[in-house]
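Results of the structural survey
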Amino acid sequence: MGFIIFMVIVFILMFCAAGCIGFALFLSGEKSKKKAEANAPEILDKAFVGEDVAFKINDASPKYETVVLGAKARRYRLANETRDTASGSSKTLIFEKI
């Protein structure tokens, strides 16, 4: 009986540890997203050079709306968009110079 109780406790502790790790990963993703939003003008200035530009949207990049509006302000238009993951959390945007 003692072994079963021990296994149940270990099982519960494993779920708690997994939850803590998942929450830490979530917080680090949110932190990198906020940093990218704060530095969006510099990031977009470096990215939008040339005739055609490919820009990848992910957890470490500015939001989709920020990139599209920033491209419009830099005289680019969205030509194509592809989803790199099934969930749509990562996208590649192709812009053309107007």
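Just above, that's the structure.
Let me begin by describing the structure that accompanies this report.

Cut-offs and rules
- Residues numbered from 1 in each chain as written.
- Predicted model: local features only at pLDDT ≥ 70, side-chain atom pairs only at ≥ 80, totals over all residues.
- Heavy atoms only, no water.
- Core = buried A, V, L, I, M, F, W, Y, C linked by side-chain atoms within 4.5 Å.
- Buried < 20%, exposed > 50% of the residue type's maximum accessible area, 1.4 Å probe, protein only.
- Helix = DSSP H or I, 4+ residues; strand = E, 2+ residues; numbered from the N terminus.
- Contact = heavy atoms within 4.5 Å.
- Pairing = 2+ DSSP bridges.
- Patch = residues over 30% accessible without salt bridge, like charges linked within 9 Å, V, L, I, M, F, W, Y side chains within 5 Å.
- Areas by Shrake-Rupley, 256 points an atom, 1.4 Å probe, with all protein chains shown as cover.
- Salt bridge = Lys/Arg side-chain N within 4 Å of Asp/Glu carboxyl O.
- Phe/Tyr/Trp six-rings, centres within 6.5 Å; stacked < 30°, edge-to-face > 60°.
- Lys NZ or Arg CZ within 6 Å of the ring centre and 35° of its normal.

**Examining the nonpolar core**
If you look at the biggest cluster of nonpolar residues, it comprises 10 residues: Leu 44, Phe 48, Val 53, Phe 55, Ile 57, Val 67, Ala 71, Tyr 76, Leu 93 and Phe 95. Contributions of two or more residues to this core are made by strand E1 (52-57), helix H3 (64-73) and strand E3 (91-97). With three residues, the top contributor of residues to this core is E1. The contact partners of Leu 93, leaving out residues within four places of it in the chain, are Val 53, Ala 54, Phe 55, Ile 57, Tyr 64, Val 67, Val 68, Leu 78, Asn 80 and Glu 81.

**Some thoughts on the pairing of E1**
Side chains of E1 alternate between two faces, with Val 53, Phe 55 and Ile 57 buried and Asp 52, Ala 54 and Lys 56 left unburied. Pairing between E1 and E3: six bridges, direction antiparallel. Across the sheet, residue Lys 56 finds its bridge partner in E3, namely Thr 92.

**Thoughts on a nonpolar patch on the surface**
The grouping of Met 1, Phe 3, Ile 4, Ile 5, Phe 6, Met 7, Val 8, Ile 9, Ile 12 and Leu 13 at the surface amounts to a nonpolar patch, some 1,100 Å² of accessible area in total. The residue Ile 5 is located in helix H1 (residues 2-38) in this model.

**Description of the packing of aromatic side chains**
A complete count under the given rule lists four aromatic pairs for this structure. Pairing Phe 48 with Phe 55 gives two aromatic rings, centres 6.3 Å apart and planes at 10°, and the pair type is stacked. Residue Phe 48 is classed as buried on the basis of its relative accessible area, which comes to 7%. Relative to Phe 95, the ring of Phe 48 has its centre 5.1 Å away and its plane inclined at 70°; by these criteria the two rings are edge-to-face. Placement of the pair is Phe 48 in the loop between helix H2 (40-47) and E1 and Phe 95 in strand E3, with a sequence separation of 47 residues. Residue class for Phe 95 comes out buried when judged on its relative accessible area of 1%. Through a chain of ring-to-ring contacts, three or more aromatic side chains come together here, namely Phe 48, Phe 55, Tyr 76 and Phe 95. Lying over the aromatic face of Tyr 64, Lys 91 brings its terminal NZ or CZ to 4.8 Å of the ring centre.

Function-wise, these values are silent; they only describe arrangement.
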